[in-house]
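Summary of structural features
Residue strings, one per chain:
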Amino acid sequence: MNNTEKYDQIMRDAFELDEAFDVTTLVYQGVEKWDSVGHMTMVAMLEDTFDIMMDTDDIIDFSSYEKGKEILAKYDIEF
């Protein structure tokens, strides 16, 4: 599984979305489960999967699927 597939699966798992959902359209609070609790669940999953520790500012700025890819690139995660 490549990094994009891992990232997409984390988004689906964290926010309980089915395979048909286009995760590239995700934005904070754009789906019911992406609330503050879902956000921290997603962050924990990303940190575990990619073996990183995100800075607080990056956690706060993580507001969409695309923004997340930009932030993860700072941690040398390539898509």
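This section reports on the structure supplied with the text. (Residues numbered from 1 in each chain as written. Predicted model: local features only at pLDDT ≥ 70, side-chain atom pairs only at ≥ 80, totals over all residues. Heavy atoms only, no water.)

This part covers the packing of aromatic side chains. Scanning the entire structure with this criterion turns up four aromatic pairs. Ring pairing ties together the aromatic residues Tyr7, Tyr65 and Phe79, which thus form one cluster. (Phe/Tyr/Trp six-rings, centres within 6.5 Å; stacked < 30°, edge-to-face > 60°.)

Now for the packing of helix 1 (residues 3–14) against helix 4 (residues 65–73). Two elements in contact, helix 1 and helix 4, have axes separated by 12 Å at closest approach and are oriented at 130 degrees. Classified by the interaxial angle, the pair formed by helix 1 and helix 4 is oblique. For the element pair helix 1 and helix 4, the recorded crossing hand is right-handed. Of the residues in helix 4, those in contact with Thr4, Tyr7, Asp8 and Met11 of helix 1 are Tyr65, Gly68, Lys69 and Leu72. Classifying every residue of the contact of helix 1 with helix 4 gives four nonpolar, two polar and two charged. (Axes fitted to C-alpha atoms, helices over the stretch in contact; angles between N-to-C directions. Helix = DSSP H or I, 4+ residues; strand = E, 2+ residues; numbered from the N terminus. Parallel < 35°, antiparallel > 145°, perpendicular 65-115°, else oblique. Left-handed = near helix turned anticlockwise from the far one by under 90°. Contact = heavy atoms within 4.5 Å. Nonpolar A, V, L, I, M, F, W, Y, C, P; charged D, E, K, R; others polar.)

Here we come to the pattern of salt bridges. Applying the stated criterion across every chain, the model contains four salt bridges. Note that Arg12 is salt-bridged to Glu19, the shortest N-O span being 3.9 Å. Overall, the relative accessible area of 12% leaves Arg12 in the buried class. Under the relative-accessibility criterion, Glu19 is labelled exposed at 55%. The residue Lys74 makes a salt bridge to Asp58 at a minimum N-O spacing of 2.6 Å. A residue pair is termed long-range when its members are at least 10 positions apart, and Lys74 in the segment after helix 4 and Asp58 in helix 3 (residues 56–61) qualify at 16 residues. The class for Lys74 is exposed, based on a relative accessible area of 56%. (Salt bridge = Lys/Arg side-chain N within 4 Å of Asp/Glu carboxyl O. Buried < 20%, exposed > 50% of the residue type's maximum accessible area, 1.4 Å probe, protein only.)

Turning our attention to the nonpolar core. Counting residues in hydrophobic clusters, the biggest one holds 23 residues, and the most contacted among them are Met11, Phe15, Leu26, Met42 and Phe62. Elements supplying a minimum of two residues to this core: helix 1, helix 2 (36–50) and helix 4. With near-sequence residues (within four places) excluded, Met11 lies in contact with Leu17, Val23, Leu26, Trp34, Met42, Phe62 and Tyr65. (Core = buried A, V, L, I, M, F, W, Y, C linked by side-chain atoms within 4.5 Å.)

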